Amino acid sequence: MVKTDNERLGEQSMGSLRFIARRIMGGVTLIIAVVVLNFFLLSAAPGDVADMLATQAGGATTEQIDNIRKEMGLDRTVFRQMLI
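Below or above, wherever it landed, is the structure these notes cover. (Residues numbered from 1 in each chain as written. Predicted model: local features only at pLDDT ≥ 70, side-chain atom pairs only at ≥ 80, totals over all residues. Heavy atoms only, no water.)

## Details of the pattern of salt bridges
- The final tally for this structure, using the stated rule, is three salt bridges.
- For Arg-69, the salt bridge is made with Asp-48, and the minimal N-O distance between the two is 2.4 Å. One end of the pair, Arg-69, is in helix α3 (residues 62–72); the other, Asp-48, is in the loop between α1 (5–44) and α2 (49–56), with 21 residues separating them in the sequence.
- Overall, Asp-48 belongs to the buried group, its relative accessible area being 18%.
- Arg-69 serves as the salt-bridge partner of Asp-66, at 3.5 Å between the closest nitrogen and oxygen. Taken together, the residues span about one helical turn, with Asp-66 and Arg-69 both in helix α3 at a distance of three residues.
- For Asp-66, a relative accessible area of 40% translates into the label partly exposed.
- According to the relative accessible area criterion, Arg-69 is partly exposed, its value standing at 22%.
- When salt bridges with common partners are traced through the structure, they connect Asp-48, Asp-51, Asp-66 and Arg-69 into a single cluster. (Salt bridge = Lys/Arg side-chain N within 4 Å of Asp/Glu carboxyl O. Helix = DSSP H or I, 4+ residues; strand = E, 2+ residues; numbered from the N terminus. Buried < 20%, exposed > 50% of the residue type's maximum accessible area, 1.4 Å probe, protein only.)

Here it is as structure tokens:
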């Protein structure tokens, strides 16, 4: 059976669409992986954002640091912070 030009063109465009869809999905997967890896590496680093803010402000009481942690969501688990 001989294929017409329209049939060949349709097969080529479907192949191109599949290729583009695979590339987009690969890109989205890569971006998500980079964001998750970056988040967990930063959360594993020593120190705390609340401590740094308190130090920059010239010092703060423990209660003020705890309030900063609560406002920023740092009192939650790492997985919970990732979802916020």
